Amino acid sequence: HPKRHLVRTSLDALERSLDPRLFVRVHRSYIVRIARVSAVRHRPGTRAETVMSCGAVLPVSRRRRSLLNEIFPATASTQRSR
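All values derive from a computational prediction rather than experimental measurement.

### Some points on the pattern of salt bridges
In the structure shown here, the tally under the stated rule is 7 salt bridges. A salt bridge links Arg25 to Asp12, with the shortest nitrogen-to-oxygen separation between them at 2.7 Å. Remark: Asp12 occurs in helix H1 (residues 11–17) and Arg25 occurs in strand E1 (residues 23–27); sequence separation between them is 13 residues. Assessed through its relative accessible area of 7%, Arg25 is described here as buried. One salt bridge in this structure joins Arg41 and Glu49, with 2.7 Å as the shortest N-O distance.

### Things to note about the layout of surface pockets
The calculated volume of the largest pocket comes to roughly 810 Å³. Lys3, Arg4, His5, Ile31 and Val32 are, among the 21 residues lining the largest pocket, the residues nearest its centre. A total of 4 residues in the lining of the largest pocket trace back to one element, the largest contributor, which is strand E2 (residues 30–33). Here the residues of the lining of the largest pocket are counted per class, giving 13 nonpolar, 4 polar and 4 charged.

### Considering the nonpolar core
If you look at the biggest cluster of nonpolar residues, it comprises 13 residues, and the most contacted ones within it are Val24, Val26, Val32, Val37, Met52, Leu68 and Phe72. Among the elements of the structure, E1, strand E3 (37–42), strand E4 (48–52) and strand E5 (57–60) are those that each provide at least two residues to this core. Beyond its immediate sequence surroundings of up to four residues, Leu68 is in contact with Val24, Val26, Thr50 and Val60.

### Details of the pairing of E1
In terms of residue burial, E1 counts as a mostly covered element, since 4 of its 5 residues are buried. If you look at the hairpin formed by E1 and E2, you'll find 2 residues sitting between the two strands.

### Observations regarding the sheet that holds E5
Sheet strands associate in pairs through backbone hydrogen bonding, adopting either a parallel or an antiparallel arrangement. Taken in spatial order, the 3 strands line up as E3-E4-E5 in an open sheet, and their pairing is antiparallel. Of all the strands in the sheet, the pair left with one neighbour each is E3 and E5. Strand-to-strand twist of the sheet, defined as the mean angle between neighbouring strand axes without regard to direction, takes the value 25°. By the bridge criterion, 4 bridges tie E4 to E5 in an arrangement that is antiparallel. Directly across from Thr50, in E5, lies its bridge partner Leu58. In the packing of helix H2 (residues 62–71) onto the sheet, contacts are made with E3, E4 and E5, and the angle to E5 comes to roughly 105°.

### What about H2?
Considered for burial, the residues of H2 that qualify are Arg64, Arg65 and Leu68. Buried residues of H2 fall within an arc of 120° about the axis and therefore sit on the same side. Of the residues in H2, the exposed ones pointing more than 90 degrees away from the buried face are Arg63 and Glu70. Buried-residue contacts for H2 involve H1, E1, E3, E4 and E5.

Conventions adopted
Residues numbered from 1 in each chain as written. Predicted model: local features only at pLDDT ≥ 70, side-chain atom pairs only at ≥ 80, totals over all residues. Heavy atoms only, no water. Salt bridge = Lys/Arg side-chain N within 4 Å of Asp/Glu carboxyl O. Helix = DSSP H or I, 4+ residues; strand = E, 2+ residues; numbered from the N terminus. Buried < 20%, exposed > 50% of the residue type's maximum accessible area, 1.4 Å probe, protein only. 1 Å grid on protein atoms, 1.4 Å probe; cavity = no way out; pocket = protein on both sides within 12 Å on 5 of 7 lines; lining within 4 Å. Points joined across faces, edges and corners; volume = space filled by probe spheres on them. Nonpolar A, V, L, I, M, F, W, Y, C, P; charged D, E, K, R; others polar. Core = buried A, V, L, I, M, F, W, Y, C linked by side-chain atoms within 4.5 Å. Contact = heavy atoms within 4.5 Å. Pairing = 2+ DSSP bridges. Axes fitted to C-alpha atoms, helices over the stretch in contact; angles between N-to-C directions. Arc of directions from axis to C-beta.

Shown next, in the form of structure tokens:
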């Protein structure tokens, strides 16, 4: 299971404090470390999801999909090489 951290601040404030070269917000409820993303999968319809190296699958919001496509252009439906 992914490691969870309890933070007593808003995700907006946390997102602003993190290095955008290392972390990306994939959904209103999730900020992930870029190096831990294995793939970004596009599902039928409009859904997309982030697959983490630990196996966790997190939703990608419509608002953040284009940013993730820029960061991970080759991962759609494929695994990123390590």
